[in-house]
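# Chains, contacts and geometry: an overview
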Amino acid sequence: MSVSTVAADSSVCAPLPVLGRDVTVPLVTGGEVTYAALDYAASAPALQRVWDDVAAYAPYYGSVHRGAGYLSQLSTDLFENARRTVAEFLDCREGDQVVFTRSTTDSLNLLAAALPDDCRVFVFETEHHAALLPWRGAQVTYLDAPRSPREAVETLERALADRDPHGPALVCVTGASNVTGELWPVRELTAAAHAHGARIVLDAAQLAPHHQVSVADLGVDWVAFSGHKLYAPFGSGVLAGRADWLRAAEPYLAGGGASRKVGRREDGGVDVEWHDSAARHEAGSPNVIGAYALASACKALTEAGFDTLVAREQYLVRVVRDGLADVPGVRFLSLFGDEAPRVGVLSFVVEGWNSSHFAAALSAEYGIGVRDGLFCAHPLLRTLLGSDPQTQGECGAPEAAPGEKALNAIRVSFGAGTPDEHVERFVRAVKELVADGAKWNYRTEDGRCVPDTSA
């Protein structure tokens, strides 16, 4: 699709209404401006529709599953209907379970706790820490960053071919990078995993808000994602997929809701019979409002139509890439090449600038919120920035004063609620900062670059 065609589509597809779209922020140079939220990859603003749905339900909130009162029964129906909505959103197979969690991180840690004994785990160094770090009780093989989708599949195939084919194995892979936005060959990686007797879990934290995710079509065994990246305002997440490992594992948390029967033994101990449904791993009072908000977001995105949302987002990606293509010193980070398919997530560095300084100037002088640092993907950033990927780095901005070189990057990200003006202002701001420098003085405070207001 040509840029002109997408541009025409973008004028038809208006951004979805989100909270905060009219918020104004002060500029250090004077005056105020409407805030340009371009940090969707961290947390997307809540859809207005989701907020309205939650507000309408809030007076009817009640404890679920075991209450006899009307509000408890209503809340139970709403909670379980949210589970069915998520299953439909993900196109789950018959027999798949949808477990509500707090986040993608929580989901992957839950799965890690459910791994069979002697399970081998294979994960690329390119993963977000949520997918890179949970497998502490397993034997983990970390795979080097591939430089093409084909190389990713070949790397995985070689690694799986070298393992003991009789033991359990799990592959963990992202659907879209939280650093480069690039789409990974999930279907091909799934086929490779299954061909070698391994299972696969998809980290869809960055994919699900931008593209339709079908568990049945992709063939993945599990998928994990977060509500706060899917335009839902509360701490909710999902682990969905095959039930057998989850049913066989000890509950992720022990407590009420996970247990079906509890009784005392003659020796004074306690016998417990755990649920074998999703409730097995949802002990305690569940986050009903969070689950409802997440399901509302699933419905809103489905009704808006992913084809339309993707077309508009790709137009915004092209606005950024074309707008900054000829700006001296701006380099976008990529594993698979500049033309690789990607979601609305782009990371870059600017020659002569500390990334924290650049991000601070975007915020203070233009009212634009982006992210700077290593994006909880330290090995990947180290590889992309030409450093030793084994070098440790801090989350957030390192201790570096304005003008000093620092090994971090700037990330701009957007989605269904982003107005054209926010992206256009970002492109204009980058050009002005590169050409003219910052208008204000900045200093380092608690590891971050901030405007110097002492003068």
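## Details of the packing of helix H11 (residues 306-324) against helix H14 (residues 420-436)
Viewed as axis vectors pointing N to C, H11 and H14 meet at an angle of 15°, and their least axial separation amounts to 9 Å. As far as their axial angle goes, H14 and H11 are roughly parallel. Both H11 and H14 take part in a crossing whose hand is right-handed. Of the residues in H14, those in contact with Arg312, Tyr315, Leu316, Val319, Val320, Gly323 and Leu324 of H11 are Asp420, Val423, Glu424, Phe426, Val427, Val430 and Lys431. When grouped by side-chain class, the residues that make up the contact of H11 with H14 number 9 nonpolar, 1 polar and 4 charged.

## Some details on H14
With 17 residues, H14 extends 24 Å from end C-alpha to end C-alpha; this agrees with the ideal 24 Å at 1.5 Å per step. Of the residues trailing H14, Gly437 is marked for its positive phi of about 80°.

## As for the environment of Pro233
Position of Pro233 relative to the elements: it lies in the loop between strand S9 (222-226) and strand S10 (237-241). The class of Pro233 is partly exposed, set by a relative accessible area of 30%. Through-space distance from the C-alpha of Pro233 to that of Ala297 is 9.6 Å; in sequence the pair is 64 residues apart. Sequence-distant contacts of Pro233, that is, excluding residues within four places in its chain, are made with Ala46, Val50, Trp51 and Ala293.

## Things to note about the pairing of strand S12 (residues 270-274)
Note: strand S11 (residues 259-264) against S12, 5 bridges, orientation antiparallel. Note that in S12 the partner of Ser259 across the bridge is Trp274. Connecting the antiparallel pair S11 and S12 is a turn made up of 5 residues, with Gly268 showing a positive phi of about 95°.

## Some remarks on the layout of surface pockets
Quantified by volume, the largest pocket comes out at close to 300 Å³. Around the largest pocket sit 18 residues that line it, and Phe100, Thr101, Arg102, Asp106 and Ala283 are the ones nearest its centre. Residue composition of the lining of the largest pocket, grouped by class: 7 nonpolar, 8 polar and 3 charged.

## So, the side chain of Glu365
Positionally, Glu365 belongs in helix H12 (residues 355-366). For the buried Glu365, no salt bridge is present, and the opposite-charge side chain at shortest range is Lys439, 4.3 Å distant. A polar atom in the side chain of Glu365 sits 2.6 Å from the side chain of Tyr442.

What counts and what doesn't
Residues numbered from 1 in each chain as written. Predicted model: local features only at pLDDT ≥ 70, side-chain atom pairs only at ≥ 80, totals over all residues. Heavy atoms only, no water. Axes fitted to C-alpha atoms, helices over the stretch in contact; angles between N-to-C directions. Helix = DSSP H or I, 4+ residues; strand = E, 2+ residues; numbered from the N terminus. Parallel < 35°, antiparallel > 145°, perpendicular 65-115°, else oblique. Left-handed = near helix turned anticlockwise from the far one by under 90°. Contact = heavy atoms within 4.5 Å. Nonpolar A, V, L, I, M, F, W, Y, C, P; charged D, E, K, R; others polar. Expected span 1.5 Å × (residues − 1). Buried < 20%, exposed > 50% of the residue type's maximum accessible area, 1.4 Å probe, protein only. Pairing = 2+ DSSP bridges. 1 Å grid on protein atoms, 1.4 Å probe; cavity = no way out; pocket = protein on both sides within 12 Å on 5 of 7 lines; lining within 4 Å. Points joined across faces, edges and corners; volume = space filled by probe spheres on them. Lys, Arg positive; Asp, Glu negative; His and termini not counted. Salt bridge = Lys/Arg side-chain N within 4 Å of Asp/Glu carboxyl O. Polar contact = N/O pair within 3.5 Å; in protein donor to acceptor, adjacent residues only side chain to side chain.

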